[in-house]
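Given next are the chains, with one letter for each unit.
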Amino acid sequence: MDLQIALLLGQDGIVNGAIYALMALALVLVFSVTRVIFIPQGELVAFGALSMAALGTGKVPGTLWLLLVLAVAVLLLELWRARCGAVVEWRATLAWTVVLPLLACAVVLLWRPASLWGQSLATLLVVAPLGPLLYRLAYRPLARASVLILLIVSVALHGVLVGLGLLFFGAEGSRTPAFSETRFDWGGVTVAGQSLVVVGVAVLLVVLMFVFFERSIVGKALRAVAMNRVGARLMGIPADLSGDLSFALAALIGAVGGLLVAPLTTVYYDTGFLIGLKGFVAAIVGGLASYPVALAGALIVGQLEAFSSFWASAFKEVLVFTLIIPVLWWRSLRSRHVEDEE
């Protein structure tokens, strides 16, 4: 290995690490607010990439029909809850089940965007609402369950979404055009414009999330729920709406991740699972609680994957996932067992 090869591998590691950083950010956000280890986060990445590819070929993505089915199911569920005497936040419910699905249908079926940016917007409108709808159907009825039960639900939901991905998009992989075709030569190392787009968008999302949590009232409310769910509830912060918002942000991040990944590699219906697992490794490095440490862990995972692909390509996945063992061992030595507050 010479310096040029090391720089190329380092570049690949930074690009991959940026994608894993987005996955880790979404996983930490969802877990800290709802105690859900959202394994299907990777499926949202695949849905974003494959929906974008379907729109690029003039087809209507199957995820649009999934959105409509979930919206109707959630709306019927909320009507049943209201009839049983439960308090329903109708403004949020109508936003997730009526406004956003209709807007997605209008963009995909009526506008039929032909430009890359228009198709990206349509993809975000289709995939992002899936997060809160899945939360309301699969997780909110079990909000008081243990973390283990919620994990089992996540595994089951992952299997369902993978099967739906195969049904919607088939077994063939897809790629999308790059957002930037330019190339730069820096010190003898060729840097693709798409790689800069990936890193730039990832950094922008991280900065926006930081500003959102530090400056906005809604972001501070989510932080309060993450720190102490019972205390936040006593202060009047609605935990259910916090779950909606955390899943919506996670789905939006997943959709953006899919848009960024699709021009770099061929995406299949089950590709997102591996991406999500590597993001989960980065989130574990951060203890599923610390955003900065999780982002640093994502860069470590990206660099480890890139350099292990050169030294031991047959074992690169093994080496990446082995990273979780010393991290868990170290954290088990430094942490105390705390009973679940609920």
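Residues numbered from 1 in each chain as written. Predicted model: local features only at pLDDT ≥ 70, side-chain atom pairs only at ≥ 80, totals over all residues. Heavy atoms only, no water.

> So, the pattern of salt bridges: which residues are in play, and what are the values?
Going through the model one piece at a time under the given rule, you end up with six salt bridges. Among the salt bridges present, the one from Arg 136 reaches Glu 78, with a minimum N-O distance of 3.4 Å. A residue pair is termed long-range when its members are at least 10 positions apart, and Arg 136 in helix H6 (residues 130–139) and Glu 78 in helix H3 (residues 62–83) qualify at 58 residues. On the basis of relative accessibility, which here comes to 1%, the residue Arg 136 falls in the buried class. Across the pair Arg 140 and Glu 78 runs a salt bridge whose closest N-O atoms are separated by 2.2 Å. Placement of the pair is Arg 140 in the loop between H6 and helix H7 (147–169) and Glu 78 in helix H3, with a sequence separation of 62 residues. In this pair, the class of Arg 140 matches that of Glu 78, namely buried. (Salt bridge = Lys/Arg side-chain N within 4 Å of Asp/Glu carboxyl O. Helix = DSSP H or I, 4+ residues; strand = E, 2+ residues; numbered from the N terminus. Buried < 20%, exposed > 50% of the residue type's maximum accessible area, 1.4 Å probe, protein only.)

> Lay out H3 in plain terms, naming residues and giving numbers.
Within an α-helix, residues lying three or four positions from one another point in the same direction, as the helix has 3.6 residues per turn. With 22 residues, H3 should reach 32 Å at 1.5 Å per residue; the first-to-last C-alpha distance of 32 Å fits that figure. Every buried residue of H3 is listed here: Gly 62, Thr 63, Leu 64, Leu 66, Leu 67, Leu 70, Ala 71, Val 74 and Glu 78. Looking at the buried residues of H3, the elements they touch are helix H2 (41–56), helix H4 (90–111), helix H5 (116–127), H6 and H7. One or two positions beyond H3, positive phi appears at Gly 85, with a value near 100°. (Expected span 1.5 Å × (residues − 1). Contact = heavy atoms within 4.5 Å.)

> For the packing of aromatic side chains, give the residues involved together with the corresponding values.
Taken as a whole and judged by the stated rule, the model has nine aromatic pairs. Look at Phe 38 and Tyr 139: their rings are 6.2 Å apart centre to centre, the planes differ by 75°, and that puts the pair in the edge-to-face class. Taken together, the positions of Phe 38 in the loop between helix H1 (3–34) and H2 and Tyr 139 in helix H6 put the pair 101 residues apart, joining distant regions of the chain. Taken individually, Phe 38 and Tyr 139 each receive the classification buried, so the pair is uniform in this respect. Centroid distance Phe 168 to Phe 169: 6.3 Å. Interplanar angle 85°. Geometry classified as edge-to-face. (Phe/Tyr/Trp six-rings, centres within 6.5 Å; stacked < 30°, edge-to-face > 60°.)

> Let's hear about the environment of Phe 38: which residues, and what values?
The class for Phe 38 is buried, based on a relative accessible area of 1%. Note: C-alpha distance between Phe 38 and Ser 154 (116 residues apart in sequence) is 6.0 Å. Ignoring sequence-local partners within four residues, the contact set of Phe 38 consists of Leu 27, Val 30, Leu 44, Tyr 139, Ser 154, Leu 157 and Phe 247.

> How would you explain the nonpolar core if you had to name every residue and give the values?
Formed by 88 residues in total, the largest nonpolar core has its most connected members in Phe 38 and Tyr 139. For this core, the element with the most residues is H1, which contributes 15 residues. (Core = buried A, V, L, I, M, F, W, Y, C linked by side-chain atoms within 4.5 Å.)

> How would you sum up the layout of surface pockets? Please name residues and give values.
There is about 730 Å³ of room inside the second largest pocket. Lining the second largest pocket are 31 residues; nearest its centre among them are Val 15, Asn 16, Val 261, Leu 264 and Thr 265. Every element with two or more residues in the lining of the second largest pocket is listed here: H1, helix H8 (193–215), helix H12 (271–285) and helix H13 (291–311). Tallying contributions element by element places H1 first for the lining of the second largest pocket, with seven residues. (1 Å grid on protein atoms, 1.4 Å probe; cavity = no way out; pocket = protein on both sides within 12 Å on 5 of 7 lines; lining within 4 Å. Points joined across faces, edges and corners; volume = space filled by probe spheres on them.)

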